[in-house]
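Close look at the chain arrangement
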Amino acid sequence: MFFVDTLDIEGLGNRSYLAGGGRTALVVDPPRDIDQVIAAAARHGVRIALVAETHVHNDYVSGGLELARVTGARYLVPAGASVAFARTPVADGDTYAVDAGLTVRAIATAGHTPHHTSYVLVDDGREVAAFTGGSLLIGTVGRPDLVEPRLTEQLARAQHASVRRLATELADDVPVLPTHGFGSFCSSAQTERQTTTIGKERADNDALTVDVDTFVARLLAGLDDVPSYYTHMGPANAAGPAPVDLTPPRLADAEEIAARLAAGEWVVDLRNRVAFAQGHVAGAFNFEGEGRLATHLAWLIPWGKPVTLLAETPEQVADAQRELARVGIDRPAAAATGDAAGWVREGERLASFPRARFADLAEERARGERIVVLDVRRGTERARGFVDGSVHIPLHELPGRIGEVPDGVVWVHCAGGTRAAIAASLLDAAGRDVVAVDDAFGAAAEAGLPVLGPEDAG
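Residues numbered from 1 in each chain as written. Predicted model: local features only at pLDDT ≥ 70, side-chain atom pairs only at ≥ 80, totals over all residues. Heavy atoms only, no water.

Let's talk about the overall build of the protein chain
Our working rule: Only runs of H or I of at least four residues qualify as helices and only runs of E of at least two qualify as strands under DSSP, and these elements are numbered from the N terminus. The size measure is the radius of gyration over C-alpha atoms, and the globule rule it meets is 2.2 Å times the number of residues to the 0.38 power. Between buried and exposed lies partly exposed: a residue is buried under 20% and exposed over 50% of the maximum accessible area for its type, with that area taken using a 1.4 Å probe on protein chains only. Contacts between residues were defined by any pair of non-hydrogen atoms, one from each residue, lying within 4.5 Å. Calculation of accessible area relied on Shrake-Rupley with a 1.4 Å probe; when residues are assessed, cover is drawn exclusively from the protein chains displayed. Residues scored as charged are limited to Lys and Arg (positive) and Asp and Glu (negative), so that His and the chain ends carry no count. By convention, charge coordinates are those of NZ in Lys, CZ in Arg, CG in Asp, or CD in Glu.
Counting its regular elements, the protein chain contains 16 helices and 22 strands. Taking 2.2 N^0.38 as the reference for a compact globule, 458 residues should give roughly 23 Å; the C-alpha atoms of the protein chain span a radius of gyration of 24 Å, in line with that estimate. Each principal axis of the C-alpha distribution contributes one length, and for the protein chain these read about 70 × 55 × 35 Å. Sorting the 458 residues of the protein chain into buried and exposed places 56% on the buried side. Intrachain contacts of the protein chain at a sequence separation of at least 6 include 68% that bridge at least 24 residues. Accessible surface computed for the protein chain: about 18,400 Å², of which carbon and sulfur atoms make up 50%. Taken as two groups, the 42 positive and 62 negative side-chain charges of the protein chain have centres that lie 3 Å from each other.

This is the structure:
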């Protein structure tokens, strides 16, 4: 009997996998914090014998090299990947023993990267799972534009061919187990489905239902923005990531927090956006610990900038530290926990700003008040509809474009409230009067605000 465990890396929208038999196991695309992978193997009572990478990752720091070192496992990396460390180079068709009667076979599936490789788990001669990394995803494919712009169309065409090869070689009932596609920007689109098979993908995946020219045109037209921190992930993985250090950061008092802000460092408040709006350290930024902390923070922060974490509990700091380490933001400069009142010096007061709904914005506009409506969604989102008269600056561009925000009270919104809260904290720190719209964008039209559609987006 074999087993396959899924390890959800929710903050980054990825999955890793542990698959094995009675004694030994394989790990596919492990996260940097390998302790959770080792714990999963311990629960099954198996030894990790193989660690496999489908590709050199662009969206997170891999734990593969360290996991292989700690466990003594063979480290399988596609032969075409240029890396600076010793590994077992994997070529198309190579087969490796996982456990008694259980093997894994490599299938070259270029597209997401030139060297991308999928792995098929075979139990007593029967194909039982396909670990497809960034190749065939649920309802879509991995994006082809993260390696080199000049290769994008070529890789898109390779992606089409690779997915069709998987569908040709594997039976309809084989489960497809991708790494990307659950919120990761490595996916060319997102899906609500959590599971799939070769047969299900054959029915509705563009790579399997339309010709290559149509597929490539649709794929390239739908590509979203690329998080800036991706620039650092590939090189880190190719060089060989250092072991992660998750020991608690040193504690900072109010004087140190003030000094770090004065030095231009980032102080990040991990509390929920309601608590932050009600009272926070002036100059701090609000990135909620619950949600997509690593993606948002790594996308906005100048790379290498020291960061101090503020949270209600040490556990929240530890969770954030773990998530940030996955994208190479290592060792917070300091941390503070407890009540926000303890984070400011004696005689100083916490800053605050109001929150509102789209209905409040509609009322404010009706009164003729001079306000600025700032939309911080990505361009692909705005193209589907936007509030007439709103200013558009995507959140990831806001730190460098705050000076472009017109004068007046800024009512900032996104699609649901999380990114608006981040933007509001950036504007508040810059000295602007701001109102954070904490509401779903669909409520804008319901509130009577003029919402223009895709035909007006140009």
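Picking up where we left off.
Points about the sheet that holds strand β17 (residues 371-375)
Stated precisely, the cut-off is as follows: Pairing between strands is defined by DSSP: at least two bridges between them are needed. In this description, a line fitted to the C-alpha atoms serves as the axis of each element, helices being fitted only across the stretch in contact, and the angle between N-to-C directions of two axes falls anywhere from 0 to 180 degrees.
Across the sheet, which stays open at both edges, the five strands sit in the order β16-β21-β20-β17-β19 with parallel pairing between neighbours. At either end of the open sheet lies a strand with only one pairing partner, and these are β16 (355-356) and β19 (391-392). Note: β17 against β19, two bridges, orientation parallel. Directly across from D375, in β19, lies its bridge partner H392. Of the strands in this sheet, β16, β17, β20 (409-413) and β21 (434-437) touch helix α12 (residues 358-366), which is tilted by about 145 degrees from β17.

Considering empty space enclosed by the protein
In plain terms, the rule: As defined here, a cavity is a set of points on a 1 Å grid over the protein atoms alone where a 1.4 Å probe fits but cannot get out. A pocket is an open set with protein on both sides within 12 Å along at least five of seven lines, and residues line them when an atom is within 4 Å of a point. Grid points are joined across faces, edges and corners, and a volume is the space filled by probe spheres set on the points. Gly falls in the polar group here, along with every residue not listed as nonpolar (Ala, Val, Leu, Ile, Met, Phe, Trp, Tyr, Cys, Pro) or charged (Asp, Glu, Lys, Arg).
By the definition in use, this model includes three cavities of 30 Å³ or more. Looking at the largest cavity, its volume works out to about 80 Å³. Considering the residues around the largest cavity, the lining is formed by 13 residues, among which E53, S62, Y75, F85 and N237 are closest to the centre. Going through the elements one at a time, α2 (64-71) and β5 (74-78) are the ones with two or more residues in the lining of the largest cavity. Split into classes, the residues belonging to the lining of the largest cavity amount to seven nonpolar, five polar and one charged. Each pocket or cavity is described by its volume, and for the second largest cavity that value is around 40 Å³. Forming the walls of the second largest cavity are R273, A277, F353, R355, G417, A421, A436, V437 and D438. The residue makeup of the lining of the second largest cavity, split by class, is five nonpolar, one polar and three charged.

A closer look at the sheet that holds strand β15 (residues 334-337)
Ordered by their spatial adjacency, four strands build an open sheet running β13-β12-β14-β15, and the pairing between neighbours is parallel. In the strand order of this sheet, the two ends are held by β13 (285-286) and β15, each with one partner. Two elements, strand β12 (residues 266-269) and β13, share two bridges in a ladder whose sense is parallel. Counted as the bridge partner of V268 is F285 from β13.

Details of unusual backbone geometry
Of all residues except glycine, most have a negative phi; of all peptide bonds, most are trans. Positive phi, close to 50 degrees, is recorded for D29, a residue that is not glycine. Among the structural elements, D29 can be located in the loop between β3 (24-28) and α1 (35-44). Owing to a relative accessible area of 0%, D29 belongs among the buried residues under this scheme.

Focus on the side chain of E381
Operational definition: By the criterion applied in these results, polar contacts are pairs of N or O atoms within 3.5 Å in which, for protein atoms, one can donate a hydrogen and the other can accept it, and in which residues neighboring in sequence qualify only through two side-chain atoms.
Structurally, E381 is set in helix α13 (residues 379-382). Note on E381: relative accessible area 10%, which makes it buried. Side chain to side chain, E381 and R419 meet in a polar contact 2.8 Å long.

Focus on the nonpolar core
Let me state the cut-off plainly: Joining through side-chain atoms within 4.5 Å is the link that ties buried Ala, Val, Leu, Ile, Met, Phe, Trp, Tyr and Cys residues into a set, and such a set is a nonpolar core.
Within the largest apolar cluster, 64 residues are counted, with the highest numbers of intra-cluster contacts made by W266, F287, L297, L374 and L398. Listed in part, the 21 residues of the second largest apolar core include A73, Y75, V77 and A81.

A word on the environment of D388
Take D388: it is sitting in the loop between β18 (386-387) and β19. Residue classification places D388 among the partly exposed positions, given a relative accessible area of 37%.

Brief notes about the pattern of salt bridges
Counted only if it meets this: Put simply, a salt bridge is a Lys or Arg side-chain nitrogen that is within 4 Å of an Asp or Glu carboxyl oxygen.
Per the stated rule, a full pass over the model turns up 36 salt bridges. Notably, a salt bridge pairs R157 with D213, separated by 3.0 Å at the nearest N-O pair. Taken together, the positions of R157 in helix α3 (residues 152-169) and D213 in helix α6 (residues 212-221) put the pair 56 residues apart, joining distant regions of the chain. A relative accessible area of 33% means that R157 is categorised as partly exposed. For D213, a relative accessible area of 46% gives the class partly exposed. Two residues, D269 and R271, come together in a salt bridge whose shortest N-O distance is 2.8 Å. As far as burial versus exposure is concerned, D269 and R271 are alike and both buried. One connected set of salt bridges, linked through shared partners, spans D33, D35, R322 and R326.

Considerations on α6
Inclusion rule: Note: the arc covers the axis-to-C-beta directions of the helix.
For α6, the complete set of buried residues consists of F215, V216 and L219. Down the axis of α6, the buried side of the element spans an arc of 95 degrees, and every buried residue falls inside it. Where α6 is buried, its residues contact α3 and α5 (206-209). If you check the start of α6, you find a side-chain oxygen 3.0 Å away from the backbone N of D213, and it comes from D211.

Remarks on the pairing of β5
Note the threshold: Looking down the strands as they point away from you, a crossover is right-handed if its path from the first strand over the helix to the second goes clockwise.
Most of β5 sits out of view: four of its five residues are buried. Summarising the sheet, strand β4 (residues 47-52) and β5 pair through three bridges and their orientation is parallel. Considered in β5, the bridge of V51 is made with Y75. Taken together, β4, α2 and β5 constitute a β-α-β crossover, and its handedness is right-handed.

Comments concerning the pairing of β20
Of all five residues in β20, four are buried, a share of seventy percent or more. Here β17 pairs with β20 via five bridges, running parallel. Paired with L374 across the two strands is V412, which belongs to β20. Direction of pairing for β20 relative to β21: parallel, over a ladder of three bridges. Within β21, the residue paired with W411 across the bridge is V435. Handedness of the crossover joining β20 and β21 through helix α15 (residues 418-429): right-handed.

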